[in-house]
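# Residue-level structure breakdown
Listed below, chain by chain, are the residues.
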Amino acid sequence: MIRTTRMSLSLVLMSLCVGIASAQDALIHDAEYYLLEAQNGQRWKAEDEQLNKRLAELREEYGTPPNIVHIMWDDTAYGDVGIPAIQKVRGFETPNLNKMAQQGILFSRFYTEVGCTPSRAACMTGRHPVRNAMYNIGMLREMHGLRDTEVTIAEVLSKVGYATAFHGKWHLGDIEESYAHNQGFDEAFFTGYNQILSLWTRRGEQGNATIGLFEDMLPEDPYKLDDTFVTKGWAMVVEGKRGEKARQWQDNSYETYEQIDAEAQKRTLEFIERSANSGKPFYVANWPMMSSFLPTSKKVSQGRSLLQDGLQGNVDPFVGKVMAKLQELGIAENTLLICNADNGPMAHNPPPGCGFTETIFRGGKGDFLEGGVRVPSQAWWPGVIEEGQIVGDIIHEADLFTTFARLAGATNHIPGDRVIDGIDQTSLLLNGDTHSRRDYVFIYAGPNLGATVKGNYKRHWISPDPVGEASGIPAGFYFLPSDTREKTPMLTNLIHLKSPFNRMRLRHELWKKKYPDLPERHGVPWTGIENATPEIQALANPPADLKKLPFDPLEYVEHLDELPFDPQADPDFGE
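Below is a summary of the structure that appears in this document. (Residues numbered from 1 in each chain as written. Predicted model: local features only at pLDDT ≥ 70, side-chain atom pairs only at ≥ 80, totals over all residues. Heavy atoms only, no water.)

Scanning the protein chain for helices and strands turns up 15 helices and 16 strands. A globule of 575 residues ought to have a C-alpha radius of gyration of about 25 Å, and the protein chain, at 24 Å, matches this closely. Dimensions along the principal axes, computed over C-alpha positions, put the protein chain at roughly 85 × 65 × 55 Å. Among the 575 residues that make up the protein chain, the fraction classed as buried is 58%. Excluding contacts between residues fewer than 6 apart, the proportion of contacts in the protein chain whose partners are at least 24 apart in sequence is 72%. Carbon and sulfur atoms form 53% of the exposed surface of the protein chain, whose accessible area is close to 23,600 Å². (Helix = DSSP H or I, 4+ residues; strand = E, 2+ residues; numbered from the N terminus. Rg over C-alpha atoms; globule rule 2.2 N^0.38 Å. Buried < 20%, exposed > 50% of the residue type's maximum accessible area, 1.4 Å probe, protein only. Contact = heavy atoms within 4.5 Å. Areas by Shrake-Rupley, 256 points an atom, 1.4 Å probe, with all protein chains shown as cover.)

All told, the structure shown has 24 aromatic pairs when counted by the stated rule. Taken together, a centroid distance of 5.9 Å and an interplanar angle of 45 degrees make the contact between Phe107 and Phe110 tilted. Classification of Phe110 as buried rests on a relative accessible area of 1%. A centroid spacing of 6.2 Å and a plane angle of 20 degrees characterise the contact between Tyr254 and Tyr257, whose relative ring orientation is stacked. Taken together, the residues span about one helical turn, with Tyr254 and Tyr257 both in helix H8 (residues 254-278) at a distance of three residues. Given the relative accessible area of 3%, Tyr254 is considered buried. Here Tyr257 falls in the buried class, since its relative accessible area comes to 5%. Through pairs of rings, three or more aromatic residues link up here, namely Phe166, Trp170, Tyr179, Phe185, Phe190, Tyr193, Trp200, Tyr283, Trp287, Phe404 and Trp526. One Lys or Arg, Arg438, reaches over the ring of Tyr440 and ends 5.0 Å from the middle of that ring. Stacked on the ring of Trp461, the Lys or Arg Arg505 has its end atom at 4.7 Å from the ring centre. (Phe/Tyr/Trp six-rings, centres within 6.5 Å; stacked < 30°, edge-to-face > 60°. Lys NZ or Arg CZ within 6 Å of the ring centre and 35° of its normal.)

Let us look at the state of the cysteines. Counted according to the given criterion, the structure contains zero disulfides. This cysteine, Cys116, is not joined by any disulfide, and Cys123 carries the nearest cysteine sulfur, 12 Å off. According to the relative accessible area criterion, Cys116 is buried, its value standing at 0%. Cys354 takes part in no disulfide bond, and the closest cysteine sulfur to it belongs to Cys116, at a distance of 12 Å. Given the relative accessible area of 2%, Cys354 is considered buried. (Disulfide = S-S within 2.5 Å.)

Here we take up the sheet that holds strand E1 (residues 67-73). Ordered in space as E7-E6-E5-E4-E8-E1-E9-E10-E2-E11, the 10 strands form an open sheet in which the pairing is mixed. Whereas interior strands pair on both sides, the edge strands pair on one side only; in this sheet they are strand E7 (247-248) and strand E11 (389-391). Examined bridge by bridge, strand E4 (residues 163-169) and strand E8 (residues 282-287) share six bridges and lie parallel to one another. If you follow Ala163 over to E8, its bridge partner there is Phe282. Strands in contact with H8 are E1, E4, strand E5 (187-191), strand E6 (238-241) and E8; relative to E8, the strand with the most contacts, it is inclined by about 170 degrees. (Pairing = 2+ DSSP bridges. Axes fitted to C-alpha atoms, helices over the stretch in contact; angles between N-to-C directions.)

Attention shifts here to the side chain of Asp80. As for its position among the elements, Asp80 is in the loop between E1 and helix H3 (84-90). There is a polar contact of 3.0 Å between the side chain of Asp80 and the side chain of Arg90. Those residues within four positions of Asp80 in sequence are excluded, and the remaining contacts are Ile86, Gln87, Arg90, Phe92, Leu307 and Thr359. (Polar contact = N/O pair within 3.5 Å; in protein donor to acceptor, adjacent residues only side chain to side chain.)

It is worth spelling out the sheet that holds strand E16 (residues 477-479) at this point. Pairing within the open sheet is antiparallel, and its four strands lie in the order E13-E14-E15-E16. Either end of the sheet is taken by a strand with one partner, and the two such strands are strand E13 (440-445) and E16. Shown here is a sheet whose adjacent strand axes are inclined to one another by a mean of 20 degrees, direction ignored. Across four bridges, the pairing between strand E14 (residues 448-454) and strand E15 (residues 457-460) is antiparallel.

A word on the environment of Arg374. Relative to the helices and strands, Arg374 is located in the loop between helix H10 (370-373) and strand E10 (377-380). On a C-alpha basis, the gap between Arg374 and Gly363 in space is 10.0 Å, while along the polypeptide they are 11 residues apart. Apart from the residues lying within four places of it in its own chain, the contact partners of Arg374 are Tyr78, Ser108, Arg109, Phe110, Tyr111 and Phe361.

Right, let's talk about the pairing of E4 for a bit. Regular strands have side chains that alternate between both faces of the sheet. For E4, the tally of buried residues reaches seven of seven residues, placing the bulk of the element in the interior. Relative to E5, E4 runs parallel, the two sharing five bridges. What sits directly across from Lys169, in E5, is Thr191.

With that settled, consider the nonpolar core. With 112 residues, the main nonpolar core has Trp73, Tyr283 and Trp526 as its most contacted residues. When residues in this core are grouped by element, the largest group, nine residues, is from helix H9 (residues 306-328). Contacts of Trp73, omitting those with residues within four sequence positions, involve Val81, Leu97, Arg120, Pro288, Met290, Leu311, Val315, Cys339, Asn340, Ala341, Asp342 and Gln378. (Core = buried A, V, L, I, M, F, W, Y, C linked by side-chain atoms within 4.5 Å.)

Following the sequence through the fold, Glu333 ends up in the loop between H9 and strand E9 (335-341). C-alpha of Glu333 to C-alpha of Pro222: the two residues are 111 residues apart in sequence and 66 Å apart in space. Non-local contacts of Glu333, meaning those with residues more than four positions away in its chain, are made with Tyr62, Trp381, Pro382 and Val384.

Where side chains of opposite charge bring their charged atoms close, a pairing between them can arise. Inspection of the entire model under this criterion finds 42 salt bridges. For Glu358, the salt bridge identified is with Arg485, shortest N-O distance 2.7 Å. Taken together, the residues span a long stretch of sequence, with Glu358 in the loop between E9 and H10 and Arg485 in the loop between E16 and helix H14 (498-514) at a distance of 127 residues. Take Glu358: its relative accessible area is 18%, and that puts it in the buried class. With a closest N to O distance of 3.0 Å, Asp439 and Lys454 form a salt bridge. Residue Asp439 is found in the loop between helix H12 (426-431) and E13, and its partner Lys454 is found in strand E14; the two are separated by 15 residues along the sequence. (Salt bridge = Lys/Arg side-chain N within 4 Å of Asp/Glu carboxyl O.)

Here you go:
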């Protein structure tokens, strides 16, 4: 009788997984995916049948779909994590992250977006940020954010019973609808901006790391006429629970900044234990601040820089604690752990002492070069992911969205009215090298298409050869295995790829006409905070005398996306 019941349960679970695969077929992907599916669909279907069986067995064994932990930090060059020889040169070590890679998968072609905010939007929505106008990197009083009509992975997983939590650097907006607990997370502890928060402090002003933000610390300016120009109110850290008002956590001091990661890590470990004890599957994203733009008081690495000390002294020990906690609770074999950087190093205009530098690839944060978007990444799932793999397939961070949904049995909750750029990479995780379902990447610089990768080939659309581009025969093609620095653009050798790349771009852009990109979502920043300071409250209430103006002093909020990106701007190739 028990055996019959277990067999019946297994059949039900397999039917569920088959339904999930069918739902995946109903998703709207980018045009390029359908060309691959047409050529590989039969093989993928056979793989899916085996994957469905494997996932059903795992769910039957553990009683729930797998837990998911995603840790993502900032601005790290490919090879800075996971390759000890490069770390030796760079003067630091990450033993836990390296161990994780050795016990699972080390990706060699993991792609991101070019900067913090766009990368985080891609992970959360499975969409290139150009589609939802999340390509602007949020700064103080940005007045924009992730719109409430976007569907995040937290919302998708919540539909199938997952507990969800976000802790750390959110950086997806300062308007109320973009707050993490308003985007599907049961609990959230997050920042609206990035590490520059460490400079937006009185300590930063005192050291001239920030100039003029705290006007009360400066000599009075006898020529000052406008007291509205410099922002006076914002929230460094916000916390909240789904359906409840937000609260500012502590204040905007440097002392608060230094506590963010420790508090976020404590909350993540507590959430994991609480969820495990409840028997409920969980998804938690912990995206560390990692470091401060002011030098840390304790140096832990030979490199003595913000990046090296942040990785060795902060991120890596936390990854070790997560792995140990999962093993201690007996749930490691039912938990997928993914770790990656959000983009390449801040090679252009970094603060002093950061230690950011290019490694194998040229370029950094903001670039569509490989150095800007090809980052360290690894996956760990004991007993499920085979150990010791170095995977050469292309995978994009947007794929995490769709893959997490597939593993959770939630694919049918992904919206079917918009393009989802993320591709289900369950086969790559479970079957290993050569099992990716993408061989292409579109790389945007702001709202402009900067480059396209197809297999080992790459074309720069923002071209280093504008004269050739004007005549239609640019030297803008690259063979990546022999030109990792993208220093040798080719014309004659690769001109046979001109039409294939043109066709690829046109398919992509014609599909966008059917599913148009959305404008930015703007609003008054930092509303809906229960314990808002008077300075924050004033952001929505211009001084009384400004109301005498012959225009609405907040009207500009609805026109912020009209500030242009220059499509001809020099992308600064890091030369």
